[in-house]
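A structural walkthrough
If you want the building blocks of each chain, they are given just below.
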Amino acid sequence: ETGVTQTPRHLVMGMTNKKSLKCEQHLGHNAMYWYKQSAKKPLELMFVYNFKEQTENNSVPSRFSPECPNSSHLFLHLHTLQPEDSALYLCASSQDHTSSYEQYFGPGTRLTVT
Amino acid sequence: SQQGEEDPQALSIQEGENATMNCSYKTSINNLQWYRQNSGRGLVHLILIRSNEREKHSGRLRVTLDTSKKSSSLLITASRAADTASYFCALRNSGGSNYKLTFGKGTLLTVNP
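Residues numbered from 1 in each chain as written. Chains lettered and ligands numbered in written order. Predicted model: local features only at pLDDT ≥ 70, side-chain atom pairs only at ≥ 80, totals over all residues. Heavy atoms only, no water.

1. What about the packing of aromatic side chains?
As enumerated under the stated definition, the model contains seven aromatic pairs over all chains in all. Pairwise contacts between aromatic rings join Y33, Y35 and F105 of chain A together with Y35 and F103 of chain B into one cluster. (Phe/Tyr/Trp six-rings, centres within 6.5 Å; stacked < 30°, edge-to-face > 60°.)

2. Notes on the pattern of salt bridges
All names here are of chain A. Here the structure, examined in full by the defined rule, presents four salt bridges over all chains. In this structure, K41 and E44 form a salt bridge, with 3.6 Å as the shortest nitrogen-oxygen distance. Residue class for K41 comes out partly exposed when judged on its relative accessible area of 45%. Under the relative-accessibility criterion, E44 is labelled partly exposed at 30%. (Salt bridge = Lys/Arg side-chain N within 4 Å of Asp/Glu carboxyl O. Buried < 20%, exposed > 50% of the residue type's maximum accessible area, 1.4 Å probe, protein only.)

3. Description of the interface of chain A and chain B
Contacts between the two partners involve 23 residues from chain A and, on the opposite side, 21 residues from chain B. Together, the buried faces of chain A and chain B total about 1800 Å²; carbon and sulfur atoms form 51% of this surface. Looking at the side of chain A that touches chain B residue by residue, the class counts come to nine nonpolar, nine polar and five charged. (Contact = heavy atoms within 4.5 Å. Buried area = accessible area lost by both parts, 1.4 Å probe. Nonpolar A, V, L, I, M, F, W, Y, C, P; charged D, E, K, R; others polar.)

4. What about the sheet that holds strand β1 (residues 4-7) of chain A?
All names here are of chain A. Across the sheet, four strands lie side by side as β1-β3-β8-β7; this open sheet has antiparallel pairing. Edge positions in the open sheet fall to β1 and β7 (64-70), since each of these has one partner strand only. Each strand axis lies, on average, 20° off the axis of its neighbour in the sheet, ignoring direction. Where strand β3 (residues 18-25) meets strand β8 (residues 73-79), seven bridges bridge the pair, whose relative direction is antiparallel. Paired with C23 across the bridge in β8 is L74. (Pairing = 2+ DSSP bridges. Helix = DSSP H or I, 4+ residues; strand = E, 2+ residues; numbered from the N terminus. Axes fitted to C-alpha atoms, helices over the stretch in contact; angles between N-to-C directions.)

5. Examining the pairing of strand β11 (residues 109-113) of chain A
Residues and elements named next belong to chain A. Of the two faces of β11, the one holding T109, L111 and V113 is buried and the one holding R110 and T112 is not buried anywhere. In the sheet, strand β2 (residues 10-13) pairs with β11 via four bridges, with the strands oriented parallel. Directly across from V12, in β11, lies its bridge partner T112. In the sheet, strand β9 (residues 87-94) pairs with β11 via three bridges, with the strands oriented antiparallel. When the sheet's bridge partners are listed, Y89 is paired in β11 with T109.

6. Focus: the pairing of β1 of chain A
In the case of a regular strand, side chains alternate between the two sheet surfaces. Residue and element names in this part refer to chain A. Burial along β1 is one-sided: the residues V4 and Q6 are buried and none of T5 and T7 is. Of the strand pairs in this sheet, β1 and β3 are connected by four bridges, and their pairing is antiparallel. Counterpart to Q6 in the pairing with β3 is C23.

7. Some points on the state of the cysteines
Under the counting rule described, the total for this entry stands at two disulfides over all chains. Note that C23 of chain A is cross-linked by a disulfide to C91 of chain A, the S-S spacing being 1.9 Å. Between C23 of chain A and C91 of chain A the sulfur-sulfur dihedral comes to about -70°; the bridge is accordingly left-handed. Here the residue C23 of chain A occupies a position in strand β3, and C91 of chain A occupies one in strand β9, the gap between them amounting to 68 residues. Of the two residues examined, C23 of chain A and C91 of chain A, each falls in the buried class. Through a disulfide, C23 of chain B is tied to C89 of chain B; the S-S separation comes to 2.0 Å. When the S-S torsion is 60°, as for the bridge of C23 of chain B with C89 of chain B, the disulfide is right-handed. With a gap of 66 residues between them, C23 of chain B in strand β3 (residues 19-24) and C89 of chain B in strand β9 (residues 85-93) connect regions that are remote in the sequence. Looking at C68 of chain A, it has no disulfide partner, and the nearest cysteine sulfur is the one in C91 of chain A, 9.1 Å off. (Disulfide = S-S within 2.5 Å.)

8. A closer look at the sheet that holds strand β1 (residues 5-7) of chain B
Residues and elements named next belong to chain B. Read across the sheet, five strands follow the order β1-β3-β8-β7-β6 without closing on themselves; strand pairing throughout is antiparallel. Every other strand in the sheet has two partners, leaving β1 and β6 (55-58) as the edge strands with one partner each. When the angles between neighbouring strand axes are averaged without regard to direction, this sheet yields 15°. Summarising the sheet, strand β7 (residues 61-66) and strand β8 (residues 71-76) pair through six bridges and their orientation is antiparallel. Pairing of R62 across the sheet is with L75, part of β8.

Laid out in structure tokens, this is it:
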């Protein structure tokens, strides 16, 4: 256990559905991240939050909408997704976003868009 | 921002052998990190090595960094079947958006019992 939990672990949704991914960290960290991991591609950074403020949006389509109500929780709201959005979505946290600390990852949500 | 390139893409060895994976990059870094990922799971941090460090150890893991050659290597000694996983190097660039950690495509290590 890394101290970062994600729910659900698996999600199948149609292109017209709306769903949310949840991430929670119990490490007292101040920075949280969303990554997308697709087959045969490097891990892609999507969003970065530091002290609840978004500091990075890596040109992510608006059908992905992040929310960070506090430093311990991070959500990724999904709507009208495309089949190519099927991937493993990983949440991570670190002490803060500017330091040289390592990141702690959750187990991921395997998303399938049908 | 740059990403590291791991080499080889896949490596298959017998239990008890050593495994060496390499990571090359192009521009200056603040630090370089190695992560492991078991199939379909999250990444687990292994070792962080800073740009002014040359070698670090953690248990059976040894990481070296050569900033003149812009490369790093991860050595796993006396490998075990449980070491089977993908291994990624991640770069934290110096200057600019140095809070971004960029990952390579990884090396898939298979340790056969």
